[in-house]
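# Working through the structure, step by step
In case you want the letters, here they are:
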Amino acid sequence: MKNRILILILCVFWVPVGLADDVPGLYRSEIVLPSSLSESQLLRAAFKQTAKNVLQKVSGRPDLINSTVKDSDLNDAASWVAQHSILSSEELVSFKGEQVEAKKVVVTFFEQSINLFLIERNIAIWGSNRPSILMWLVEENGQFRSLSGVNTPSSLLATIAHQSTMSGLSIYAPILDDIDRAAISASELWGFFEDEISKASERYQTDLIGAVRVSEQGERFMVDIRVYFPSAEIVPLTFIASNEREIAITANDLLSQLLSERYAAVRSSSEEFSIKMRLGGLDSYSKLQNIQDYLDSITLIRAWNLSSLNESEGIFTIQADGGVKKLKDVIALDSILRENQLNALDPSANIPLSYEYNGR
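Figured I'd write up the structure that's included with this text.

Cut-offs applied
- Residues numbered from 1 in each chain as written.
- Predicted model: local features only at pLDDT ≥ 70, side-chain atom pairs only at ≥ 80, totals over all residues.
- Heavy atoms only, no water.
- Helix = DSSP H or I, 4+ residues; strand = E, 2+ residues; numbered from the N terminus.
- Buried < 20%, exposed > 50% of the residue type's maximum accessible area, 1.4 Å probe, protein only.
- Contact = heavy atoms within 4.5 Å.
- Areas by Shrake-Rupley, 256 points an atom, 1.4 Å probe, with all protein chains shown as cover.
- Axes fitted to C-alpha atoms, helices over the stretch in contact; angles between N-to-C directions.
- Parallel < 35°, antiparallel > 145°, perpendicular 65-115°, else oblique.
- Left-handed = near helix turned anticlockwise from the far one by under 90°.
- Salt bridge = Lys/Arg side-chain N within 4 Å of Asp/Glu carboxyl O.
- Polar contact = N/O pair within 3.5 Å; in protein donor to acceptor, adjacent residues only side chain to side chain.
- Phe/Tyr/Trp six-rings, centres within 6.5 Å; stacked < 30°, edge-to-face > 60°.
- Lys NZ or Arg CZ within 6 Å of the ring centre and 35° of its normal.
- Core = buried A, V, L, I, M, F, W, Y, C linked by side-chain atoms within 4.5 Å.
- Expected span 1.5 Å × (residues − 1).
- Pairing = 2+ DSSP bridges.

A count of helical and extended segments in the protein gives 10 helices and 18 strands. Each principal axis of the C-alpha distribution contributes one length, and for the protein these read about 70 × 55 × 35 Å. Evaluated residue by residue, the protein yields a buried proportion of 48% over its 360 residues. Pairs at least 24 residues apart make up 66% of the contacts formed inside the protein by residues separated by at least 6 positions. Just so you have it, the protein exposes about 17800 Å², and 49% of that area is on carbon and sulfur atoms.

As structure tokens, then:
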């Protein structure tokens, strides 16, 4: 992924980034529960619910976790806990029809325990290196349409942003300054005008672009999303919701599922996919070390070996999950490697993956 300038949602500052976002806290979750519960009741409920939250975040598949994981499957969640803390909270929670005082429980799980649970159920494991998404949001209320961004935030945008941190997504908002407003209008965004959306998004250089339009119709909200990939592929997502919280949860869930299916793979306990990769530009030990660290950071890759090293070119044998396409999609998120386009006469044409080291 190109070096880029991002605007963190609802915050006005510039952040230079050179890689796909490394999402923190994938194996950490927190929950607010009634303070009237005994400590054992509090922890038992907290461990189960936060474990489920983490399974959704790590897999990117809340649909599968919700449909296949039963409450009884999480009875051993306490044994997965690496550390936890109980904190006071100013929030009130609903309990037995009343708003009552609460405590916040913060839980961090062992990575191996969560991953093993997913492997045993053939559910994908999605690493922390995830694509950034620039989200354009337009809302229609009666006769008016309004854009949301850093300079003009809305409650819906804030709710989506909060939920994205719980879902493990890197969602950013445009500034909506004079440059943005000159580049795109609410009507153009409402019509999903591809050229205008693409041009207006260039300054942010995120991995993906999302355009969201929300129409209030009585007591329901009609939500249409378009996800724009660098390959020019456009994926539509549509749903109906009854409130802002439901919009935020459903939008994040659908985006998680879409991106997990593209960038994550089911990790088989017995099978691996073996592939050869040619890497050029390795003319120093430090560059070779950087490449080795990079390969170690890719979740799809189980193991790798340096088969040969000749001058500045290395041949790696890689054991990975998900096949060639998923591995190429993940590598394309970063600017570290540049893909070589080979013709049939090239000596390396029989090697499926060929890249040049770009540097970090």
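Where helix α4 (residues 155-167) meets helix α8 (residues 244-263), the closest approach of the two axes is 9 Å, and the angle between their N-to-C directions is 45°. In terms of axis orientation, α4 runs oblique to α8. Remark: the crossing between α4 and α8 carries right-handed chirality. Residue-level contacts link S155, L156, T159, I160, Q163, S164 and S167 of α4 to E244, R245, I247, A248, I249, N252 and S256 of α8.

This brings us to the pattern of salt bridges. Under the definition given, this model contains 16 salt bridges. For E30, the salt bridge goes to R28, with nearest N and O atoms at 3.5 Å. The salt bridge involving K325 is made with D329; its shortest N-O contact spans 2.9 Å. Pair noted here: K325 and D329 are both in helix α10 (residues 323-331), with a separation of four residues, about one helical turn. D329 gets classed as buried once you look at its relative accessible area, which sits at 18%.

Looking now at the side chain of T206. The residue T206 is located in the loop between α7 (194-201) and β11 (208-217) in this model. Residue classification places T206 among the buried residues on the basis of a relative accessible area of 14%. Within the local environment of T206, its side chain forms a polar contact with the backbone oxygen of L208, the two atoms lying 2.9 Å apart.

As a further point, take the environment of I123. Position of I123 among the secondary structure elements: in the loop between α3 (111-120) and β7 (129-130). Between the alpha carbons of I123 and L64 there is a distance of 7.7 Å; along the sequence they are 59 residues apart. Setting aside its immediate chain neighbours within four residues, I123 contacts S59, L64, I65, T68, L118 and V266.

For L176, which is not glycine, the phi dihedral falls at a positive 60°. Its place among the elements puts L176 in the loop between β10 (170-172) and α5 (178-183). Residue L176 is classed as buried on the basis of its relative accessible area of 4%. Of note in this structure, Q205 is not a glycine but carries a positive phi near 50°. Within the secondary structure layout, Q205 lies in the loop between α7 and β11. The partly exposed category is assigned to Q205, whose relative accessible area is 34%.

Throughout the structure, instances matching the rule amount to two aromatic pairs. Across the ring face of W190, the terminal group of R213 is positioned such that the distance to the ring centre comes to 5.4 Å. Between the NZ or CZ atom of R262 and the centre of the ring of F229, over which it lies, the distance is 3.9 Å.

By size, the foremost hydrophobic cluster in this structure holds 57 residues, and its most contacted members are F316, I318 and L337. When residues of this core are assigned to their parent elements, the largest contribution, seven residues, is made by α8. Dropping the residues within four chain positions of it, F316 is found in contact with I275, K276, M277, L279, L282, L288, I291, L295, W304, N305, L306 and S307. Of all hydrophobic cores here, the second largest spans 28 residues; its members include I31, L43, V107 and I119.

Taken residue by residue, α3 has I114, N115, F117, L118 and I119 as its buried positions. A positive backbone phi angle near 55° is found at N122, which sits one or two residues after α3.

Bringing α4 into the picture now. For α4, which comprises 13 residues, the first-to-last C-alpha distance of 18 Å matches the rise-based estimate of 18 Å (1.5 Å per residue) to within 8%. Inspection of α4 places L156, L157, I160, A161, Q163, S164 and S167 among the buried residues, and these make up the whole buried set.

With that settled, the discussion passes to the pairing of strand β5 (residues 81-95). Across 11 bridges, β5 lies against strand β6 (residues 98-109) in antiparallel orientation. Each bridged residue has a counterpart across the sheet, and for V81 the counterpart in β6 is F109. Counted along the chain from β5 to the antiparallel partner β6, the turn is two residues long, and its residue K96 has a positive phi close to 55°.

Before going further, it helps to spend a moment on the side chain of R213. Checked against the element boundaries, R213 lands in strand β11. Polar contacts involving the side chain of R213 include one to the main-chain carbonyl oxygen of W190, which spans 2.6 Å.

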